Amino acid sequence: MAVLGLSGAVIYLLPFLREVYYDPLREALNLTHSQSGRLMATFGFVSMLTYMPGGWVADRVPSRLLISGSLISTGLLGFAFATFPSYPVALAIHALWGVTITGMMWGALIKATRDWASSAEQGKAFGMLEAGRGVSEAACYSIFLAVFAQLGGDTRAFSQVIIQYSILHVLLGVAAFFVIKPGLAAPTGAAPDLATFFRVLKMPHVWLIGFVILSVYGAYWGAYYFTPYASDVFLMSAVAAGAIGAGKVWLKPASAAIAGLVADRIGVSKAVLIGLFVLTVSFLGFTVLPGGQAMIGLMIFNIALASITIFALRGIYFALLEDCGVPAAVTGTATGIVSVIAFTPDVFMPLVGGALLDAYPGETGFRYFFGLITALCICGGIAMHVLKKLGRAS
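Fair warning: this is a prediction, and the values are worked out from it, not measured in the lab.

The rules behind these values
- Residues numbered from 1 in each chain as written.
- Predicted model: local features only at pLDDT ≥ 70, side-chain atom pairs only at ≥ 80, totals over all residues.
- Heavy atoms only, no water.
- Phe/Tyr/Trp six-rings, centres within 6.5 Å; stacked < 30°, edge-to-face > 60°.
- Helix = DSSP H or I, 4+ residues; strand = E, 2+ residues; numbered from the N terminus.
- Buried < 20%, exposed > 50% of the residue type's maximum accessible area, 1.4 Å probe, protein only.
- Salt bridge = Lys/Arg side-chain N within 4 Å of Asp/Glu carboxyl O.
- 1 Å grid on protein atoms, 1.4 Å probe; cavity = no way out; pocket = protein on both sides within 12 Å on 5 of 7 lines; lining within 4 Å.
- Points joined across faces, edges and corners; volume = space filled by probe spheres on them.
- Nonpolar A, V, L, I, M, F, W, Y, C, P; charged D, E, K, R; others polar.
- Expected span 1.5 Å × (residues − 1).
- Contact = heavy atoms within 4.5 Å.
- Core = buried A, V, L, I, M, F, W, Y, C linked by side-chain atoms within 4.5 Å.
- Patch = residues over 30% accessible without salt bridge, like charges linked within 9 Å, V, L, I, M, F, W, Y side chains within 5 Å.
- Areas by Shrake-Rupley, 256 points an atom, 1.4 Å probe, with all protein chains shown as cover.
- Axes fitted to C-alpha atoms, helices over the stretch in contact; angles between N-to-C directions.
- Parallel < 35°, antiparallel > 145°, perpendicular 65-115°, else oblique.
- Left-handed = near helix turned anticlockwise from the far one by under 90°.
- pLDDT = per-residue confidence, 0-100.

Enquirer: Can you walk me through the packing of aromatic side chains in this structure?
Expert: Two aromatic rings, taken as a pair, are described by how far apart their centres are and by the angle between their planes. Considering all chains together, one arrives at 36 aromatic pairs under this definition. An angle of 25 degrees between the planes, with centres 6.5 Å apart, marks the rings of Phe126 and Phe318 as stacked. Residue Phe126 is located in helix H6 (residues 122–150), and its partner Phe318 is located in the loop between helix H14 (296–314) and helix H15 (320–323); the two are separated by 192 residues in the primary sequence. We classify Phe318 as buried; its relative accessible area is 4%. Residues Phe226 and Phe283 carry aromatic rings whose centres are separated by 6.2 Å and whose planes lie at 25 degrees to one another, so their mutual orientation is stacked. Note that Phe226 is positioned in helix H10 (residues 226–233) and Phe283 in helix H13 (residues 268–288), a separation of 57 residues in sequence. The exposure class assigned to Phe226 is buried, which follows from its relative accessible area of 0%.

See the structure below:
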């Protein structure tokens, strides 16, 4: 689980550089908000294409091969990105990251985690995964942000950070190959079965789980904009705003671990429903909170509340597969189908966010953006309520 948690965090450092280095990334590549959004939209679009085949492969190929290959290939692409190539080349690298990360890693990660625990401890298993990812992510963000500041916080420093991220990917990929036991999430060896695929595709539970996760993941995308929100609306420096982006991820480990334990006690579905209510209230608060330095304390409090709730939900929402009775034998396939729905924010959120911030600079653009996320959370709550009414899948 330690290796899974570390791998599941490090693999996303490169395509999601914007979470902490939003402004340095735009400056290094000379991007508008919309162009920055298109980079992530490209990654998201390719990810959508690879979720299903990646889930199918995860049911048949040893996890250590997929995880190791994913980390090494992603790191090698990172070395190319550190040269700050032209915009079309940057788009191509993000597209390839969609294959090396989503197609190779994601299904294997979820299947290995579900196989690790009994049906009564799925909340704990996914909570531990997300907690491990949280510790790793927070440590990396904090350490490398300090390196970035120490090197001067300029474009050259940013390039050095990307190179160091890439080295970490390759080293971890080699370690994962030797540390993850071959029997973890062992392949079924079954021949491709279209009947099974379509049976899973027809499960209403799978679709509803996808919509629930979509709402939470949309809010997670909103958290990526907390850094520019702090600098543009509350007039914080780039380093101070980056510290908020790095600091909030330290809330992830405890939030995910505690959520997993609570979910096993009160029920995963009930825990997710409560979390979605809190998330709705928090993002609604962002739409009415005035900007300016006088409100920094309240802004930081609401960022903390939203972040804790997002990380808690991320720690348990895939435990809905077991809670709703989706067969364990089709975990990879179900994960692929759920993910196609759930992670569509990777495609539309950066496009919408970039367009809103370009069209309505400053506070107004952020209000509209966070208002959209509020609406998504409400829709997710409705989907979760319907899912609870359906009961377990037959």
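Enquirer: Looking at this structure, I do not really get the pattern of salt bridges. What am I missing?
Expert: Any two side chains of opposite charge can pair, given that their charged atoms come close. Taken as a whole, this structure holds 5 salt bridges when the rule is applied. Between Glu130 and Lys252 there is a salt bridge, with the nearest N and O atoms lying 3.7 Å from each other. Separated by 122 residues along the polypeptide, Glu130 in helix H6 and Lys252 in helix H12 (residues 252–266) bring together distant segments of the chain. Residue Glu130 is classed as buried on the basis of its relative accessible area of 2%. Salt bridges sharing common partners tie together Glu130, Arg133, Lys252 and Arg314.

Enquirer: Any chance you could explain empty space enclosed by the protein here in plain terms?
Expert: To locate leftover empty space, one rolls a probe as large as a water molecule over the atoms. All chains considered together, the criterion is met by 2 cavities of 30 Å³ or more. Its boundaries defined by the atoms lining it, the largest cavity holds a volume of some 210 Å³. Around the largest cavity, the lining is made up of 20 residues, and of these Tyr12, Phe16, Arg133, Tyr220 and Arg314 lie nearest the centre. Broken down by secondary-structure element, the contributors of at least two residues to the lining of the largest cavity are helix H1 (2–10), helix H3 (33–58), helix H5 (87–116), H6 and helix H9 (204–224). Residues belonging to the lining of the largest cavity are distributed by class as follows: 12 nonpolar, 2 polar and 6 charged. Space inside the second largest cavity adds up to approximately 80 Å³. Trp106, Ile110, Phe126, Leu129, Glu130, Arg133, Arg314, Gly315, Tyr317 and Phe318 together form the lining of the second largest cavity.

Enquirer: Sorry if this is basic, but what is going on with H12 here?
Expert: Side chains of residues three or four places apart in an α-helix project in the same direction, reflecting 3.6 residues per turn. Here H12 is 15 residues long and its end C-alpha atoms lie 21 Å apart, about the 21 Å a rise of 1.5 Å per residue gives. Buried within H12 we find Lys252, Pro253, Ser255, Ala256, Ala259, Gly260 and Ala263. In this structure, the buried residues of H12 make contact with H6, H9, helix H11 (238–248), H13 and H14. Looking one or two residues past H12, Gly267 carries a phi angle of roughly 105 degrees, positive in sign.

Enquirer: Explain H13 to me, please; I cannot follow it from the model alone.
Expert: The terminal C-alpha atoms of H13 lie 31 Å apart, and with 21 residues this matches the ideal 30 Å at 1.5 Å per residue to within 8%. All of the buried residues in H13 are Val268, Ser269, Ala271, Val272, Gly275, Leu276, Leu279, Thr280, Ser282, Phe283, Phe286 and Thr287. If you follow the buried residues of H13, they end up packed against H9, H10, H12, H14, H15 and helix H18 (363–390).

Enquirer: In this structure, what is going on with the nonpolar core? I would like to understand it.
Expert: By size, the foremost hydrophobic cluster in this structure holds 123 residues, and its most contacted members are Tyr21, Phe283, Phe318 and Phe343. Sorting elements by how many residues they give to this core places H9 first, with 13 residues. For Phe318, the contacting residues outside a window of four places in its chain are Trp106, Ile110, Phe126, Ile213, Thr335, Val338, Ser339 and Phe343.

Enquirer: Can you walk me through the side chain of Ser269 in this structure?
Expert: Note on placement: Ser269 falls in helix H13. Setting aside chain neighbours within four positions, we find Ser269 in contact with Leu320, Asp323, Met384 and Lys388.

Enquirer: Please explain a nonpolar patch on the surface as it appears in this structure.
Expert: Nonpolar side chains collect at one region of the surface, where Leu76, Phe79, Ile167 and Leu171 lie side by side and expose about 370 Å² of accessible area between them. Within the secondary structure, Leu76 sits in helix H4 (residues 63–81).

Enquirer: Mind showing me how you'd approach the packing of H9 against helix H16 (residues 331–342) here?
Expert: Helix packing geometry: the angle between the two helix axes and the distance between the axes. Running from N to C, H9 and H16 cross one another at 45 degrees; their axes reach a closest spacing of 7 Å. It follows that H9 is oblique to H16 by the angle criterion. Considering how the two elements wind past one another, H9 and H16 form a crossing that is right-handed. Seen from H9, the contacting residues are Val206, Trp207, Ile209, Gly210, Phe211, Ile213, Leu214 and Tyr217; seen from H16, they are Ala334, Ile337, Val338, Ile341 and Ala342. Broken down by class, the residue content of the contact of H9 with H16 amounts to 12 nonpolar, 1 polar and no charged.

Enquirer: I would appreciate a short explanation of the confidence of the model for the protein in the present structure.
Expert: Detail in the predicted coordinates should be disregarded across regions flagged by low pLDDT. For the protein, the average pLDDT comes to 85, and 96% of its residues sit at 70 or higher. With pLDDT under 50 throughout, residues 183–188 is counted as low confidence; its partners more than four residues away or in other chains account for 14 contacts.

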